[in-house]
Amino acid sequence: MGIFFKRDLSDKSQAIIDYLSGADMTAVSSFMGEESLKQSDIFTAVKILAGDIASSTFVYKKGAQENDVVLDLLNKKPNEVMTPYTFLFAITAQMLLTGNAFVVVERSEIKAERLTFVKPSQIVIYENDEDGSLSYAYTNLKGYTERLQSKDVLHFKSFSLNGKTGLSPLYALQTELSMLKNGNNLLSAFFTKGIQAGGILKLSQSNLNNKSKKQIKKDFEDVNSGAKNANSVIVLDSTQDFKTFELNTDILKMIQNNVYSTKQIAKAFGIPLSRFGMELVNTTDDSANSLYVSSTLRTYSKMITDELFVKLSVDIEIDFSILTGHDVQTKFNKMMDETKGEGILVVNEARKFYGLPPVENGKEIVRKLRGGETNATTGTTEDGASESE
């Protein structure tokens, strides 16, 4: 057995380097894992994607062999401490932030009976140097480590270059996130640090060494800083003269109005700009949302359901119809509204719509009553048979 890679897959919150520093602004910070959630656009992107996926349900593919045990675990109770929503939300969020999300499958004989979400820091991946198969060293909360076969660990990877480990979308956003952090730091310094934003303190006395200058600067800032009180008074003696730097406020306006980084973040995560509160140009919310569901969400859905099929032998898909307004109830209500309550479906068509078997004399047209209820009245059916209302 050869070690594929024996490094911590946890979030990089402990490995975050210092934020941009220096006048040339050429340094780029590392933003990975939960630390990146401090940036509001990243928080929003993760919340949108994880929320949309977690709020949907798993359903069998047409003609698939049913496995109600696994489907109930996914849709009803994956484990004793998580709901289906929080379970799938945590998986998706962890996968987006670190590139990898893991679930340990606990079985009774051959049947899965519990799905336990674990952090990447609890997993080390091993690769067999003969056939390339993977196994996982899992350390539980008590500190006990056991080696698990690949079939007993669901490993979700949003983006992968080798098919065995994942890469987060944040990898492509390091420059943009550094720009945002730098701009926010500048705004914060301007509005909260008073005279420390920059200035020149002139002294009538000369021939001061560097040590003396540093001490005078420190003492002056400690006494006169406006960080605690924006209306504080600067106290000078006859040997001192202080003048603040003039800051071009156009720079501040540019930082506040900059949407470049937000657009790059939305592009990397595949989310419509309208979900970030930005207006769309030459497109509609409906078309953008349809593209988002058919492209972005379907990609994540395929990755998730493929892993479930390989490890748990269940042929399912994620139903996103409620996000597109194509769920049964929404489509039925839309049809009734568009026909002003007169309806276009006969009873048996409506029953088929809801997955119910046909009934005898089910050719009446479904109509909406004034109170919002529905009723069936007879009319001319498709076969030409005329029935009186």
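These notes cover the structure that comes with them. (Residues numbered from 1 in each chain as written. Predicted model: local features only at pLDDT ≥ 70, side-chain atom pairs only at ≥ 80, totals over all residues. Heavy atoms only, no water.)

Side note on the overall build of the protein chain
Okay, so step 1: In terms of regular secondary structure, the protein chain is built from eleven helices and 13 strands.
Okay, so step 2: When the 389 residues of the protein chain are sorted by exposure, 39% land in the buried category.
Okay, so step 3: By sequence separation, contacts in the protein chain at least 24 residues apart represent 59% of the contacts at least 6 residues apart.
Okay, so step 4: Accessible surface, the protein chain: about 23,700 Å² in total, of which carbon and sulfur atoms supply 51%. (Helix = DSSP H or I, 4+ residues; strand = E, 2+ residues; numbered from the N terminus. Buried < 20%, exposed > 50% of the residue type's maximum accessible area, 1.4 Å probe, protein only. Contact = heavy atoms within 4.5 Å. Areas by Shrake-Rupley, 256 points an atom, 1.4 Å probe, with all protein chains shown as cover.)

Regarding the side chain of Asn 128
Okay, so step 1: Inspection of the secondary structure puts Asn 128 in the loop between strand E5 (123-127) and strand E6 (134-139).
Okay, so step 2: A distance of 3.3 Å separates a polar atom in the side chain of Asn 128 from the backbone nitrogen of Asp 131. (Polar contact = N/O pair within 3.5 Å; in protein donor to acceptor, adjacent residues only side chain to side chain.)

Some remarks on the pairing of strand E4 (residues 111-118)
Okay, so step 1: With seven bridges connecting them, strand E3 (residues 100-108) and E4 associate as antiparallel partners. Pairing of Val 105 across the sheet is with Leu 115, part of E4.
Okay, so step 2: The turn joining E3 and E4, which pair antiparallel and follow one another in sequence, is formed by two residues; a positive phi near 60° is taken by Glu 109. (Pairing = 2+ DSSP bridges.)

Focus on the packing of aromatic side chains
Okay, so step 1: Under the definition given, this model contains two aromatic pairs.
Okay, so step 2: Between Phe 102 and Tyr 136, the aromatic rings sit 6.0 Å apart at their centres with planes inclined by 65°, giving edge-to-face as the arrangement. Of this pair, Phe 102 sits in strand E3 while Tyr 136 sits in strand E6, placing them 34 residues apart in sequence. Like Phe 102, the residue Tyr 136 is buried in the burial classification.
Okay, so step 3: Sitting over the face of the ring of Tyr 126, Arg 147 holds its NZ or CZ atom 4.0 Å from the ring centroid. (Phe/Tyr/Trp six-rings, centres within 6.5 Å; stacked < 30°, edge-to-face > 60°. Lys NZ or Arg CZ within 6 Å of the ring centre and 35° of its normal.)

Some details on the sheet that holds E4
Okay, so step 1: Pairing within the open sheet is antiparallel, and its three strands lie in the order E4-E3-E8. For this open sheet the edge positions go to E4 and strand E8 (153-157), each flanked by a neighbour on one side alone. Strand-to-strand twist in this sheet, taken as the mean axis angle between neighbours without regard to direction, amounts to 25°.
Okay, so step 2: Pairing between E3 and E8: five bridges, direction antiparallel. Its bridge partner lying in E8, Asn 100 is registered against Lys 157.
Okay, so step 3: Set on the sheet, helix H3 (residues 84-98) makes contact with E3, E4 and E8; between it and E3 the angle comes to about 140°. (Axes fitted to C-alpha atoms, helices over the stretch in contact; angles between N-to-C directions.)

A word on the nonpolar core
Okay, so step 1: Membership of the largest hydrophobic core comes to 52 residues, with the highest contact counts inside it found for Ile 42, Phe 58, Phe 156, Phe 269, Leu 308 and Leu 312.
Okay, so step 2: Among residues more than four places away in sequence, those in contact with Leu 312 are Asn 67, Val 70, Val 105, Arg 107, Ala 112, Leu 115, Leu 154 and Glu 307.
Okay, so step 3: With ten residues, the next largest nonpolar core counts Leu 134, Tyr 138, Leu 148 and Val 153 among its residues. (Core = buried A, V, L, I, M, F, W, Y, C linked by side-chain atoms within 4.5 Å.)

Focus on the pattern of salt bridges
Okay, so step 1: Tallying each qualifying case throughout the model produces eleven salt bridges.
Okay, so step 2: Asp 315 is the partner of Lys 61 in a salt bridge, and the nearest nitrogen-oxygen pair spans 3.6 Å. Of this pair, Lys 61 sits in the loop between strand E2 (57-60) and helix H2 (68-75) while Asp 315 sits in the loop between helix H8 (285-312) and strand E11 (316-319), placing them 254 residues apart in sequence.
Okay, so step 3: Residue class for Asp 315 comes out partly exposed when judged on its relative accessible area of 26%.
Okay, so step 4: One salt bridge in this structure joins Glu 127 and Lys 164, with 2.1 Å as the shortest N-O distance. Pair noted here: Glu 127 is in strand E5 and Lys 164 is in the loop between E8 and helix H4 (174-192), with a separation of 37 residues, a long-range link.
Okay, so step 5: You can call Glu 127 buried: its relative accessible area is 19%. (Salt bridge = Lys/Arg side-chain N within 4 Å of Asp/Glu carboxyl O.)

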